[in-house]
Amino acid sequence: MNKTLGWLTIATAFTVAACANKVTMNRSEAVPAAEGRVQVAKESNNMREIQLQVRHLAPPERVSAQASHYVVWLQPMIPEAGPSNLGVLSLGENQEGQMDATTPYKSFQLFVTAEQDPQSTEPSGDRLLWTTVE
C-alpha cells in the first residue's frame, strides 16, 4: 500500500470517529433482552444527526396491554424544556428497528416508551430504553 494512501485512510478514520458518538442504552426489567444503541454525528448548521438502533425488543403490546407503539422521546438537558416526541420506532419481524432524527441540542436524554397514542405529547409509559448524550 502506498504510504500516503495509508496515512490518508488512517486520518479519515480518525475524522469519522471524532465526528460520531456511539452510546449504549440502558434497559428496564420490562425488556430484559432488548439492546439499544444511539449514534450521534455533528451535521452542518450545528444540528446533530441521531441514529437509534434496537434489537430484541418485544412487541409493545407484550410490554403494556394498552400500548400499540414505541415512541422515541428527546429531553434536552435544560431546565425549562420538556420531552419531545421524535416519532414512532417501528419494529420488523426480527424485533429490530431503527429511527433517524436531528436535534440542535448538544446534551440530551433519549428514551423509548410504549404508548397507546403515537402522537402523544407527553410520555405516559415507563422508560424502557434510555441514555444521556453529552
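Everything discussed here concerns the structure shown above.
Computed from a predicted structure; not experimentally measured.

Visitor: It is not clear to me how unusual backbone geometry should be interpreted in this structure. Could you clarify?
Guide: Its identity as a non-glycine residue notwithstanding, N46 has a phi of 60°, on the positive side. Along the chain, the position of N46 falls in the loop between β3 (35-42) and β4 (48-55). Phi is positive for Q95, which is not a glycine, with a value near 60°. With respect to the helices and strands, the residue Q95 is situated in the loop between β6 (84-89) and β7 (97-103). On the basis of relative accessible area, Q95 is assigned to the partly exposed category, the value being 28%.

Visitor: Please explain the environment of S120 as it appears in this structure.
Guide: Turning to its location among the elements, S120 is positioned in the loop between β8 (108-115) and β9 (129-133). Between the C-alpha atoms of S120 and V71, which are 49 residues apart in sequence, the distance is 8.4 Å. When near neighbours in sequence (up to four residues on either side) are disregarded, S120 contacts W73, N85 and E115.

Visitor: I'm lost on the sheet that holds strand β5 (residues 69-76) in this one. Help?
Guide: Sheets are built from strands paired through backbone hydrogen bonds, the pairs being either parallel or antiparallel. In space, the five strands of this open sheet follow the order β2-β9-β8-β5-β6, with antiparallel pairing throughout. Only two strands of the sheet have a single neighbouring strand rather than two, namely β2 (26-27) and β6. By the bridge criterion, two bridges tie β2 to β9 in an arrangement that is antiparallel. Bridge assignment links R27 to a residue of β9, and that residue is L129.

Visitor: Before we go on, may I ask you to explain the pattern of salt bridges in this structure?
Guide: A side chain of one charge can pair with a side chain of the opposite charge when the charged atoms of the two come close. Scanning the entire structure with this criterion turns up one salt bridge. Salt-bridge contacts for E35 lead to R55; the nearest nitrogen and oxygen are separated by 3.8 Å. Separated by 20 residues along the polypeptide, E35 in strand β3 and R55 in strand β4 bring together distant segments of the chain. Classification of R55 by relative accessible area gives partly exposed; the value is 41%.

Visitor: I would appreciate a short explanation of the nonpolar core in the present structure.
Guide: Across soluble globular proteins, nonpolar side chains show a tendency to be buried alongside one another. Of all hydrophobic cores here, the largest spans 23 residues; its most connected members are L52, L57, Y70 and L89. Residue assignment for this core shows that the elements contributing at least two residues are β3, β4, β5, β8 and β9. Element by element, the count of residues in this core is highest for β8, at four residues. Excluding its chain neighbours within four sequence positions, the residues that come into contact with L89 are L52, V54, L57, Y70, V72, G97, Q98, M99 and V112.

Definitions and cut-offs
- By convention here, each chain's residues receive numbers from 1 onward along its written sequence.
- The predicted origin of the model limits local features to residues at a pLDDT of at least 70 and limits the giving and counting of side-chain atom pairs to 80 or more, whereas totals for whole chains, interfaces and linings rest on all residues.
- Calculated side-chain values reflect all of the structure's heavy atoms, with hydrogen atoms and water omitted.
- For the purposes of this entry, the term helix denotes a DSSP run of H or I that reaches at least four residues, the term strand denotes a run of E that reaches at least two, and both are numbered from the N terminus.
- Each residue's exposure class comes from its accessible area (1.4 Å probe, protein chains only) as a fraction of the maximum for that residue type: buried when under 20%, exposed when over 50%, partly exposed otherwise.
- Should any heavy atoms of two residues lie within 4.5 Å, those residues are considered in contact.
- Pairs of strands are assigned from DSSP output, requiring at least two bridges between the strands.
- The salt bridge criterion pairs a side-chain nitrogen of Lys or Arg with a carboxyl oxygen of Asp or Glu, the two atoms within 4 Å.
- We define a nonpolar core as any set of buried Ala, Val, Leu, Ile, Met, Phe, Trp, Tyr and Cys residues linked to one another through side-chain atoms lying within 4.5 Å.

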